[in-house]
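# Structure assessment
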Amino acid sequence: MATFLIRRFAAMVFAVALISVLSFVLIELPPGSALDSKIAQLRQSGGEISAEQIRALEDRYGLNDPIHVKYTKWISRAVTGDFGQSFTMDQPVSTLIWTRLGFSIGLSLFALIFSWGISIPVGVYSATHRYTLPDYVIQVLQFLGVAIPQFLFALVLLIFSATVLGQEVGTLFSREYQNEPMSLAKMVDFAKHIWIPIVVLIAGGTASLTRIMRANLLDVLGQQYVQTARAKGLHERRVIWRHAVRNALHPLVMALGTTLPTLISGEVVISIVLNLPTTGPLYIRALIQKDMYLGVTFLLMLSILLIVGNLLADLLLAWVDPRVRLDES
Amino acid sequence: MTSMVHATAPGSSSGQVNPEARSDANDEARSAEISQWGLIWRRFSRNRLSVWALRTLLLMYGLAVFAPFLAPYGADRIDTNHSYAEPTRIVFLDGQLAVCALEQSLDPFLLKYRYVDDCSRARPIEFLPKGDPYWLFGLFKLEVHLFGITPGEPLKGGAVPVTPVATPTGAPADPLASFRVQQPDSVAPKLDTVKNPPKIYLLGADQQGRDVLSRILVGSQVSLTVGLVGVFLSLTIGSVMGATSGYVGGAWDNVIQRTIEIIRSVPTLPLWAAIAAALPRTTTIVQRYFLITLVLSLVGWTGLARELRGKVMAYRSLDYIAAARLAGSSDLRIILAHMLPNAASHIIVVATLAVPYSILGETTLSFLGLGMLPPAVSWGVLLKDAQQLDSVLIHPWMLIPALPVVLTVACYFLLGDGLRDAVDPYSS
């Protein structure tokens, strides 16, 4: 276990380092950046102070240096938590990203737990009631869940919420609670707004997970030990939940490797449509306006999120399925 | 006779050999000649839903080929006098289907244009009229469209009030009616109205008065093919990487597997967005199109490569490969002639299931303003116009381009599912 963790941790550090290089090059390489326009703006205003500022910026970010020097300058500060400056927002990147990242993680985690909570019982029902009307309905819903682009689903729910429910949309809190301290009423108000992104995220995740759950349980139900359990005279509910479902769960955990990136991608898109204060809107804006340090940091952080998530998924897999040996392979 | 054995599969529901084919002993032998692909096609055609998905997709690609002819207007035909015109009502006048002219006036409260039917200037819907010029297949410059409205004498029957025969999408109720200050007409300031010539907007018009139907049809050319080309590129890269990695093994395998791991540990959409943002923005539409397919396949090849590597590694230890090697086949020949054909059906399934993700990728990127850029037309570009909530509430037809996206993606998933079951020889 310890050797596994050490090996995995080393591999993670290596991967993060490589991704930081790749994303830095990717975002730094195209000509014309927000820093350039900032300097142009300073140069235009002229004067001794501006000239000094320009010199400081050039020195700080290594403007006239080759790209590997720029990267070294950036990464040596980044490991201490200083990710540079956002030139369009005139704020340090580190003050901009943490709350937004935290919100993204919370949203994704919440959606993940709910997707599992829904897809396991629904998948079990679908498999045990194969070829009945509810099973067909569930399968049609699965197809819709995968086929509808998430930004579109978010847009449709937004319209539904605005017209049918008459809710104020596009924010997380109603105007009257915006600057209020946390209270029960504010939490209720928050719930009224947060349901749309959560429903959209859950819909995408649940659709594929239900499908996996159904297929696996059908496989397991055909195995002989299930027949043995029935022959022993066990109650059907016990046969399914105690004997069959437990063995059908681990592909669901393995699917985390694909569920997590989908959740993170989905969260980015949905939050742009819904204008949520998470990574999505700021990240895409940083990309379009070439606000490179903000963009690089977001891309790197989202990747770290995925890498850590995958590690946790592996550990979880070893926990639910004793046949998996972490130290081998 | 052999071709009949191939073709009659849909009828035989339980997978038995066609009774006709069994009638004499010769045919018995021939039925054993059905190729692997024939068997796959048989199993596939038993799945009704997948067959329908395939038909729908073929129809949509057919429509895309003839899109500029089917579209009543050019995709870029701007007409600000028809800004956000509602889906046109179709009326029955003088024994033919016709559309009324629209009078445009500005609503001073909503700051949006209102349109009033003026049926005294109605014109019939004509078939094969001349309209905006276009290139068909990039070869023929044509002006003829399937249907459209041409200027000319108004229909006489329009002088008396008429009732609409059909509204294509249903003119929407005003969703903001309750918010609007109720004022008598006399108080509202009278603004100049524009007397438009009649035009046909079956699915409404966008902000610049461009026909949404025409734009959806023309946009399908990009949206339907970008996924295919992207997956084709992924397939090419993935096949080379996957096959060599599985066959050669060792350090090369290690390098490729680590590369795939690195690419896969960056979330897909943010990575796509970062690459797309790094692309030069001053390219032609065609260049941008291929750059976007490249972006999609740079991430997409990893999945295909992994699948193929697994297959090749499994085949490597099989006897028939050893036999081929002993017979003196080169490595290249073993991969190309013995391994790839064996994995082909599997590759096709994985590729088919990758296409919808590619299509969704283009749509999402374009929706975010990072994919195809105007003046290029794709479904994602059209949906970008539907990003503003207040605008969509007043002009709900701006969301119509979403329907073909959902339909296409659903059909590809159904098709891929059917193919997967069909290539598995053990499926019942």
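What you are looking at is a predicted structure, and each value in this text was computed from that prediction instead of being measured. (Residues numbered from 1 in each chain as written. Chains lettered and ligands numbered in written order. Predicted model: local features only at pLDDT ≥ 70, side-chain atom pairs only at ≥ 80, totals over all residues. Heavy atoms only, no water.)

## Notes on the domain arrangement of chain A
Residues and elements named next belong to chain A. What the domain assignment lists for chain A is domain 1 (2-78) and domain 2 (100-320). Listed by partner, the interface residues are 20 residues for domain 1 and 19 residues for domain 2. Between domain 1 and domain 2, a total of about 1800 Å² is buried, with carbon and sulfur atoms accounting for 81% of that surface. Broken down residue by residue, the surface that domain 1 buries against domain 2 is led by Met12, Ile27 and Trp74, which jointly contribute 31%. (Domains from an automatic or database assignment. Contact = heavy atoms within 4.5 Å. Buried area = accessible area lost by both parts, 1.4 Å probe.)

## Some details on the pattern of salt bridges
Residues and elements named next belong to chain B. Inspection of the entire model under this criterion finds 16 salt bridges over all chains. Across the pair Arg215 and Asp76 runs a salt bridge whose closest N-O atoms are separated by 3.8 Å. Remark: Asp76 occurs in the loop between α6 (67-70) and β1 (90-93) and Arg215 occurs in helix α7 (residues 212-248); sequence separation between them is 139 residues. Owing to a relative accessible area of 47%, Asp76 belongs among the partly exposed residues under this scheme. For Asp417, the salt bridge identified is with Arg420, shortest N-O distance 2.8 Å. One end of the pair, Asp417, and the other, Arg420, are both in helix α15 (residues 402-423), 3 residues apart, so they sit about a helical turn from each other. Within the structure, one salt-bridge network assembled from shared partners comprises Asp76, Asp206, Arg210 and Arg215. (Salt bridge = Lys/Arg side-chain N within 4 Å of Asp/Glu carboxyl O. Helix = DSSP H or I, 4+ residues; strand = E, 2+ residues; numbered from the N terminus. Buried < 20%, exposed > 50% of the residue type's maximum accessible area, 1.4 Å probe, protein only.)

## Overview of the interface of chain A and chain B
One frequently used descriptor of interface size is the decrease in accessible area upon assembly of the parts. Each partner contributes to the interface: chain A provides 38 residues, whereas chain B provides 37 residues. Where chain A abuts chain B, roughly 3200 Å² becomes buried across the two surfaces, and 83% of that area is made up of carbon and sulfur atoms. One can count 1 salt bridge joining chain A with chain B. Elements supplying a minimum of two residues to the side of chain A that touches chain B: α1 (2-28), α6 (133-147), α7 (150-163), α12 (256-274), α13 (279-288) and α14 (292-320) of chain A. A breakdown of the residues in the side of chain A that touches chain B according to their chemical character gives 33 nonpolar, 3 polar and 2 charged. (Nonpolar A, V, L, I, M, F, W, Y, C, P; charged D, E, K, R; others polar.)

## Quick word on the side chain of Ser83 of chain B
Summarising the element assignment, Ser83 of chain B is placed in the loop between α6 and β1. When sequence neighbours within four positions are dropped, the list of residues in contact with Ser83 of chain B reads Gln104, Tyr113, Tyr115, Asp206, Gln207 and Gly209 of chain B.

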